[in-house]
2 protein chains.
Amino acid sequence: MCQLLGMNCNVPTDICFSFEGFSQRGGATDEHRDGWGIAFFEGKGCRSFMDILPAVHSPVARLVQEYPIKSFNVIAHIRKATVGRVCLENTHPFVRELWGRYWIFAHNGDLKNFKLPSLADFCPVGETDSEKAFCLLLQQLKDRYPAGMPTLPALYQTLRTTAAEIATYGNFNFLLSNGKHLFAHASTQLSYIVRRHPFGHAHLVDKDMTVDFREVTTERDQVAVIATAPLTDNEFWTPIPSETLVAFQDGLPLISSSHT
Amino acid sequence: MCQLLGMNCNVPTDICFSFEGFSQRGGATDEHRDGWGIAFFEGKGCRSFMDILPAVHSPVARLVQEYPIKSFNVIAHIRKATVGRVCLENTHPFVRELWGRYWIFAHNGDLKNFKLPSLADFCPVGETDSEKAFCLLLQQLKDRYPAGMPTLPALYQTLRTTAAEIATYGNFNFLLSNGKHLFAHASTQLSYIVRRHPFGHAHLVDKDMTVDFREVTTERDQVAVIATAPLTDNEFWTPIPSETLVAFQDGLPLISSSHT
């Protein structure tokens, strides 16, 4: 199993604090040593950083911790390899283009015997079930809406239906973002927190480190953080129920429903 | 105009020395201050680093200089914006997937009045003529060979024909790689050097720095480096003639012909 981290906000926000705790799980406080990656949207552009070294030993992870990149949508992943070798093409997040937008995706869980039908437009580069699932999600979106990106409810409906089909093969905890929305699907383990006015301070689970958000926020800021397991020990994190897809926009969970 | 740097090798090689000189052109020895990017193939995987800060001031560029990533194929670009704002979605190299492989692309030059027809499979995210041209190159490959990647001569032929069409709109110096081959097309300015046994030492144009390749190579190593302008002042660089596409594999130029 791997670990996921996502952020969706209404103002560009850096993820340094959360990533500091999260990256400890890549070889220090947990066993996820088989590479890691993080992708940031900046405008319509997207840049990702990844490494096959454990996050706690990676010079690239150190850069990400120290270089505050402000973004509306971020997805990060640390890997404990189950299917697929430890190599760059099997490292999440995966990135593809659809409708003139980048889409980023990371997955935690195993999909047993998940065979991908031959798809017209999206083909996996690596060997993971995760990338196959990502390709299928995008192909279903493109097939359903060939002319361009539909409304959020329409996107949500297609993603939920496809996620439900894929989840019949196993654990399908994933994060997906198109730079505007962030979709979080839980099979077994995923929680989120929305930080907004009045802000307080937060203390990491994985490292003795505290931040006072009052010093770095304004009254209208809204930041949703989604993670496999809560990153802080003095805040209330909401578990996402099993087989549920949540759509975040502007730092808030807008649509949430179960497909069971 | 921008600057291009590419490398194609028969053994995984780091590009630290060449990038050290090249990145000086991003705001120190030359005026290309509007962002930069570099993409490395590692196996079938690909990772890119980019920034909208000038290369000489970018913490990400410093990481790339100091962290030797060994790769068979690398493409880098520093930008002087002519078409499109300075933002991440307009920063080269661009990356897309075709036939289960990543393709990376960077361009130097202006394409005047280049309108992209609506394409079935590849849509630009940013505003640059460069990304439009990249999308058209990939769409023509996919249309011509829907079943999968053909042989190098077949790839070359389709790319040369499409490049010739696009080059009627202006300067189309570009580098394109699928992780195995690297294609270099010159309209106005592009040179290459092949380093192989017996190796010597090289001295940068843009910085007083010398490397002795005998210390870091074996007899069978072959490394082709392609750049807008020669990066060293004590080696012989071969200019690529105007309107010529060169295909490199395993560090050697295998096919080269003009389309004029």
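None of the values given here were measured: they were computed from a predicted structure.

A. Quick look at the overall build of chain A. The number of helices and strands found in chain A is four helices and 15 strands. Taking 260 residues into account, the globule formula puts the C-alpha radius of gyration at 18 Å, and chain A, at 17 Å, falls close to it. Oriented by its inertia axes, the alpha-carbon framework of chain A measures out at about 50 × 40 × 35 Å. Across the 260 residues that make up chain A, the buried fraction comes to 62%. For chain A, the share of sequence-separated contacts (at least 6 apart) that also reach a separation of at least 24 residues comes to 70%. Side-chain charges in chain A split into 23 positive and 27 negative, and the spacing between the mean points of these groups amounts to 5 Å.

B. Expanded view of the sheet that holds strand 6 (residues 101–108) of chain A. All names here are of chain A. Within the open sheet, the six strands sit side by side as 5-6-7-8-14-15. Their pairing is antiparallel. Across the chains shown, the open sheet's two edge strands, defined by having one partner strand only, are strand 5 (94–98) and strand 15 (252–258). Here the strands of the sheet are splayed against their neighbours by 20° on average, with no regard to which way each runs. By the bridge criterion, six bridges tie strand 14 (residues 244–249) to strand 15 in an arrangement that is antiparallel.

C. Quick look at helix 4 (residues 152–167) of chain B. All names here are of chain B. Under the 1.5 Å per step criterion, the end-to-end length of helix 4 is 21 Å for 16 residues, consistent within 8% with the ideal 22 Å. The set of residues buried in helix 4 consists of Leu152, Ala154, Leu155, Tyr156, Thr158, Leu159, Arg160, Thr162, Ala163, Ile166 and Ala167. Looking at the packing, one finds that the buried side of helix 4 touches strand 6 (101–108), helix 3 (129–144), strand 7 (173–177), strand 8 (181–186), strand 14 (244–249) and strand 15 (252–258).

D. Highlighting the packing of helix 1 (residues 16–24) of chain A against helix 2 (residues 59–66) of chain A. Residues and elements named next belong to chain A. It is the contact of helix 1 with helix 2, at a shortest axis distance of 8 Å, that shows an interaxial angle of 150°. As judged from the angle between their axes, helix 1 and helix 2 are roughly antiparallel. Every residue of helix 2 that contacts helix 1 at Cys16, Phe19, Glu20 and Ser23 is listed here: Ala61, Val64 and Gln65. Residue composition of the contact of helix 1 with helix 2, grouped by class: four nonpolar, two polar and one charged.

E. A look at the pairing of strand 4 (residues 71–78) of chain B. All names here are of chain B. Burial runs high along strand 4: seven of the eight residues are buried. Relative to strand 4, strand 1 (residues 3–13) runs antiparallel, the two being bridged by seven bridges. If you follow Asn8 over to strand 4, its bridge partner there is Asn73.

F. Inspection of the state of the cysteines at higher detail. Here the structure, examined in full by the defined rule, presents zero disulfides over all chains. For the unlinked cysteine Cys9 of chain A, the closest cysteine sulfur is that of Cys16 of chain A, found at 12 Å. Judged by relative accessible area, which is 2%, Cys9 of chain A ranks as buried. Here Cys46 of chain A stays free of any disulfide, with the sulfur of Cys46 of chain B as its closest cysteine sulfur at 13 Å. Given the relative accessible area of 13%, Cys46 of chain A is considered buried.

G. Representation of the interface of chain A and chain B in the model. Facing the 32 residues of chain A at the interface are 32 residues of chain B. Here chain A meets chain B over a buried area of about 2500 Å², counting both sides, of which 57% is carbon and sulfur. Considering only the surface of chain A that becomes buried against chain B, Leu88, Glu97 and Val125 of chain A emerge as the three largest contributors, covering 23% of it. Applying the counting criterion to the chain A and chain B interface returns six salt bridges. One salt bridge connects Asp121 of chain B with Lys142 of chain A, and the closest N-O pair in it is separated by 3.7 Å. The tally of links from chain A across to chain B stands at 18 residue pairs in polar contact (both at pLDDT 80 or more). Elements with a contribution of two residues or more to the side of chain A that touches chain B: strand 3 (45–51), helix 2, strand 5, strand 6 and helix 3 (129–144) of chain A. Per-element tally for the side of chain A that touches chain B: the top contributor is strand 3 of chain A, with seven residues. Here the residues of the side of chain A that touches chain B are counted per class, giving 17 nonpolar, four polar and eleven charged.

Basis of the calculations
- Residues numbered from 1 in each chain as written.
- Chains lettered and ligands numbered in written order.
- Predicted model: local features only at pLDDT ≥ 70, side-chain atom pairs only at ≥ 80, totals over all residues.
- Heavy atoms only, no water.
- Helix = DSSP H or I, 4+ residues; strand = E, 2+ residues; numbered from the N terminus.
- Rg over C-alpha atoms; globule rule 2.2 N^0.38 Å.
- Buried < 20%, exposed > 50% of the residue type's maximum accessible area, 1.4 Å probe, protein only.
- Contact = heavy atoms within 4.5 Å.
- Lys, Arg positive; Asp, Glu negative; His and termini not counted.
- Charge placed at Lys NZ, Arg CZ, Asp CG, Glu CD.
- Pairing = 2+ DSSP bridges.
- Axes fitted to C-alpha atoms, helices over the stretch in contact; angles between N-to-C directions.
- Expected span 1.5 Å × (residues − 1).
- Parallel < 35°, antiparallel > 145°, perpendicular 65-115°, else oblique.
- Nonpolar A, V, L, I, M, F, W, Y, C, P; charged D, E, K, R; others polar.
- Disulfide = S-S within 2.5 Å.
- Buried area = accessible area lost by both parts, 1.4 Å probe.
- Salt bridge = Lys/Arg side-chain N within 4 Å of Asp/Glu carboxyl O.
- Polar contact = N/O pair within 3.5 Å; in protein donor to acceptor, adjacent residues only side chain to side chain.

Structural measurements only, silent on function.
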